Amino acid sequence: MKKTVLVSGGAGFIGSHVTVELLQAGYEVIVADNFSNCDTTCFEGVKKITGRVDLPLVKMDFCDAAAAERLFAENRIDAVIHFAAFKAVGESVAKPLMYYKNNLQSFLNVLEAAEKAGGCNVLFSSSATVYGEPDTVPVTEKTPRKPATSPYGNTKQMCEDILRDAVKASEGRLKGILLRYFNPIGAHPSALIGELPRGVPNNLVPFITQTAIGKRECLSIFGNDYPTPDGTCLRDYIDIVDLAKAHVCAVSRMIDGKMKEDCEVFNIGTGRPVSVLELVNAFEKVNGLKLNYKFAPRRAGDVTAIWADPTLANEEMGWKAERSVEQTLAAAWAWERHLHELGL
Ligand code: WQD
């Protein structure tokens, strides 16, 4: 019998790519989403890619404890991957209570519902933001976390701690894996699913593709006086399909009983630092176009350089990032053109 994975926030950017990889790896998936920050474009795309026209979709908000409980009571759920959360750093500074309420309440409800149903394997979608401005790079899972610089970052740290404590107290009923993502970018090679930011994008790659298609006039590169080789910030850009595959490895590890501890943490990155300017140049080269960009002042809150040491995920989970920056940027551009054709 197929194992079933519940994907909360499964209609969003990361959730939709993970759903595709889980289905293709032979898992059954229940997608649950309240569509607060996405429409049905990606969910429809998932159905097309996988041929699963009957893919179950539950429209629900995990802040509704009774609904969360019902979902776990009515389905045999072998693992849950929790994506359902707000994720805009700047917005979280302006609306901290909204972020704490949504991101903490929804996760607490997932954990309580899972416990009441007798236990579950829980994968939490965390972020490299928990490392803040690291003292040394690359960062390993043992690199100390730094105090969060935004309510968004704080919710990631708090949810990490909540899961760790809940697992510890659960006497084996709960198992947990925290995946700390670096900078997820790109789109599915089919160009049927990808990132759909609302309004002006905060993140670099959607801003690049929207500038290239003419939706934005000019990309501002925030800071060219950082102490890095070309003066722009260094990040670890991880292809969204590679990232999605890490979730399949983590879910199998939990379900197949391969964990070495009841709560484990893995960095999900490439181990390859890329500067903003290098990324822009690679985008121009692989897609054969010129991007309108200018240098602008530094953006508040940006760290100079952070990239992953992914050795633990490579060795323990047998997962490794495979796609090149060029492949990823070509996919991101194909997705933007697909959105343009759809009039989005
Ligand atoms: C990358 C680089 C910018 C936009 C954030 C969150 C993190 C995670 C991913 C997710 C930086 C530069 C950007 C632009 C630019 N969260 N940049 N011009 O800040 O590394 O990480 O997103 O949900 O938690 O903090 O990603 O894509 O915003 O920026 O020059 O218009 O691109 O300064 O150096 P970041 P990013």
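Overview of the structure. (Residues numbered from 1 in each chain as written. Predicted model: local features only at pLDDT ≥ 70, side-chain atom pairs only at ≥ 80, totals over all residues. Heavy atoms only, no water.)

**What about the pattern of salt bridges?**
Part 1 of the reasoning: The final tally for this structure, using the stated rule, is 19 salt bridges.
Part 2 of the reasoning: Between E28 and R52 there is a salt bridge, and its shortest N-O distance comes to 2.9 Å. Of this pair, E28 sits in strand 2 (residues 28–33) while R52 is found in the loop between helix 2 (41–50) and strand 3 (57–59), placing the two residues 24 residues apart along the sequence.
Part 3 of the reasoning: A salt bridge links R299 to D302; the shortest N-O distance between them is 3.0 Å.
Part 4 of the reasoning: In the salt-bridge network here, residues are joined through shared partners; they are R145, E160, D161 and R180. (Salt bridge = Lys/Arg side-chain N within 4 Å of Asp/Glu carboxyl O. Helix = DSSP H or I, 4+ residues; strand = E, 2+ residues; numbered from the N terminus.)

**Notes on the packing of helix 1 (residues 13–24) against helix 8 (residues 240–255)**
Part 1 of the reasoning: The contact between helix 1 and helix 8 brings their axes to 8 Å, and the two run at 60 degrees. By the angle between their axes, helix 1 is oblique relative to helix 8. Here the hand of the crossing between helix 1 and helix 8 comes out right-handed. In this structure, helix 1 uses F13, I14, H17, V18, E21 and L22 to contact helix 8, whose residues at the interface are I240, V241, L243, A244, K245, H247, V248 and V251. (Axes fitted to C-alpha atoms, helices over the stretch in contact; angles between N-to-C directions. Parallel < 35°, antiparallel > 145°, perpendicular 65-115°, else oblique. Left-handed = near helix turned anticlockwise from the far one by under 90°. Contact = heavy atoms within 4.5 Å.)

**Section: the packing of aromatic side chains**
Part 1 of the reasoning: The tally for this structure, following the rule as stated, stands at five aromatic pairs.
Part 2 of the reasoning: On the basis of an interplanar angle of 75 degrees and a centroid distance of 6.0 Å, the ring pair of Y293 and F295 is categorised as edge-to-face.
Part 3 of the reasoning: Classification of Y293 as partly exposed rests on a relative accessible area of 28%.
Part 4 of the reasoning: Residue placement shows R298 over the ring face of Y226; its charged tip is 3.9 Å from the ring centre. (Phe/Tyr/Trp six-rings, centres within 6.5 Å; stacked < 30°, edge-to-face > 60°. Buried < 20%, exposed > 50% of the residue type's maximum accessible area, 1.4 Å probe, protein only. Lys NZ or Arg CZ within 6 Å of the ring centre and 35° of its normal.)

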